[in-house]
Amino acid sequence: MQTGTTLTQDLRVRGTDEALVRLMDGVATASKVIADGIAQGDLGDALGTAETENVQGETQKKLDIVSNEIFISTAQASGAAAGLASEEMEDIYPLVGDGEYLLVFDPLDGSSNIDVNVSVGSIFSVLKSPSNNPTTEDYLQAGNTQVAAGYVVYGPATVMVLTTGQGTHCYTLDRAVGEFILSKESLQVPQRTSEFAINASNQRHWEEPMQAYIADCLAGKEGPRERDFNMRWIASMVADVHRILTRGGIFIYPIDAKLSAKNQGGKLRLMYEANPMAMLVEQAGGAASTGRGRIVDIAPEHLHQRVPVVLGSRDEVAEVEAYYRR
Ligand code: P6P
């Protein structure tokens, strides 16, 4: 009998700060509990809709609330975080103790997919805390200051994909042992792709450069791109990004007239969706842009700020940016 390198062993081998190891171990514990709740499906009592809405005005699933609470308790138990921010909570959440990090997370992204048994995920970002009693402003740090970023995809396998700035690595949950085991090191996103991911039902609302870019992809060999493209859209960011980190592609959630009309800068949230995914993709040799500039260079203005997201294969992200420059 033998097992591979566990998450905490691998982090220590990479020289990771011990408090950060403890925080990541807390996230791993939270995700094991969440994975179990999801796997029970309708047999468990975690599915179904709660009678509440989150700060985004979205109806919450019971598991959204349970997942948020699990992240809070495991982060507090780690003793490594001074505070938390979550998609499911309007305000920051101070923790007791003298933790040196801030954990910013979406505890269960794509939860509308749970009822139809499609992969969902948890997304998290780690920042340094400037003080023991961080204010909301202390969380508003650009993505290029992230200490670590990752997600857990709850799919046929439960896989954590994590970067601490030394590449992007995969850890697969060995349910028999109850440990995340290093399963893929140093992911590399192929530079070139012929596969795009976008919710095409919003096409009439897109800005002109995005309409032109997608139209040219759809024109295939006879069009200006001179090759055929494939499309995928799971409508679960973690699942779409995992595919792109694994085999390449470009993921796009652009700003559109509907979102602008609601005074929203996009659909996806900067602090706990776009920034962590951007770090993971860049650490794997890909690119992450709003279409007009690098996501991790954005100076955040508020906790639940939304941004357009164009990320994945570096050459294709550059192609989209070229359409916006024309
Ligand atoms: P749409 C899930 O609700 C989410 O936040 C992301 O996980 C996903 O990529 C996107 O929204 C799906 O949006 O408009 O296709 O339902």
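For clarity, every value in this text was computed on a predicted model and none was experimentally measured.

Asks: So what's going on with the sheet that holds strand S9 (residues 168–174)? Residues and values would help.
Replies: Taken in spatial order, the 8 strands of this open sheet run S4-S3-S5-S6-S7-S8-S9-S10, and their pairing is mixed. If you trace the sheet from one side to the other, it starts and ends with strand S4 (93–94) and strand S10 (179–184), each paired once. As judged from the 7 bridges shared by strand S6 (residues 120–128) and strand S7 (residues 148–154), these two strands associate in the antiparallel manner. By the bridge assignment, Ser-122 is partnered in S7 with Val-152. Contacting strand S3 (81–86), S4, strand S5 (101–109) and S6, helix H3 (residues 62–78) runs over the sheet at an angle of about 155 degrees to S5.

Asks: Kindly report on the packing of helix H5 (residues 208–218) against helix H9 (residues 314–325), identifying the contributing residues and their values.
Replies: The geometry of H5 relative to H9 is characterised by a closest axis approach of 8 Å and an angle of 130 degrees between their N-to-C directions. Judged by the angle between their axes, H5 and H9 are oblique. Here H5 runs over H9; the crossing is right-handed. When H5 is examined against H9, the residues Pro-209, Met-210, Ala-212, Tyr-213, Asp-216 and Cys-217 are found in contact with a partner set consisting of Glu-316, Glu-319, Val-320, Tyr-323 and Tyr-324. Considered class by class, the residues forming the contact of H5 with H9 number 8 nonpolar, no polar and 3 charged.

Asks: So what's going on with the site of the ligand? Residues and values would help.
Replies: The immediate surroundings of the ligand are formed by Asp-109, Gly-110, Asn-199, Trp-233, Ala-235, Ser-236, Met-237, Phe-251, Tyr-253, Lys-267, Leu-268 and Glu-273. A distance of 2.7 Å is found between an oxygen atom of the ligand and a backbone nitrogen or oxygen belonging to Met-237. With respect to the ligand, the side chain of Tyr-253 contributes an N or O atom lying 2.6 Å from an oxygen atom. Look at the ligand: alone it shows 400 Å² of surface, and the protein chains cover 82% of it. Of the residues that constitute the shell around the ligand, the class distribution is 6 nonpolar, 3 polar and 3 charged.

Asks: Account for the domain arrangement of the protein, naming residues and giving values.
Replies: Domain parsing of the protein yields domain 1 (7–184) and domain 2 (195–325). Computed over C-alpha atoms, the centres of domain 1 and domain 2 are 23 Å apart. Across the boundary between the two partners, domain 1 contributes 48 residues, which contact 29 residues of domain 2. The largest share of the area that domain 1 buries against domain 2 comes from Ile-123, Leu-140 and Tyr-151, three residues that together contribute 21% of it. Put simply, domain 1 and domain 2 have 1 salt bridge between them. Connecting domain 1 to domain 2 are 12 residue pairs in polar contact (both at pLDDT 80 or more). Elements represented by at least two residues in the side of domain 1 that touches domain 2 include exactly S3, S5, S6, helix H4 (136–139), S7 and strand S8 (158–163). Counting residues per element, the side of domain 1 that touches domain 2 draws most heavily on S6, at 7 residues.

So, how was this worked out
- Residues numbered from 1 in each chain as written.
- Predicted model: local features only at pLDDT ≥ 70, side-chain atom pairs only at ≥ 80, totals over all residues.
- Heavy atoms only, no water.
- Pairing = 2+ DSSP bridges.
- Helix = DSSP H or I, 4+ residues; strand = E, 2+ residues; numbered from the N terminus.
- Contact = heavy atoms within 4.5 Å.
- Axes fitted to C-alpha atoms, helices over the stretch in contact; angles between N-to-C directions.
- Parallel < 35°, antiparallel > 145°, perpendicular 65-115°, else oblique.
- Left-handed = near helix turned anticlockwise from the far one by under 90°.
- Nonpolar A, V, L, I, M, F, W, Y, C, P; charged D, E, K, R; others polar.
- Near = heavy atom within 4 Å.
- Polar contact = N/O pair within 3.5 Å; in protein donor to acceptor, adjacent residues only side chain to side chain.
- Areas by Shrake-Rupley, 256 points an atom, 1.4 Å probe, with all protein chains shown as cover.
- Domains from an automatic or database assignment.
- Buried area = accessible area lost by both parts, 1.4 Å probe.
- Salt bridge = Lys/Arg side-chain N within 4 Å of Asp/Glu carboxyl O.

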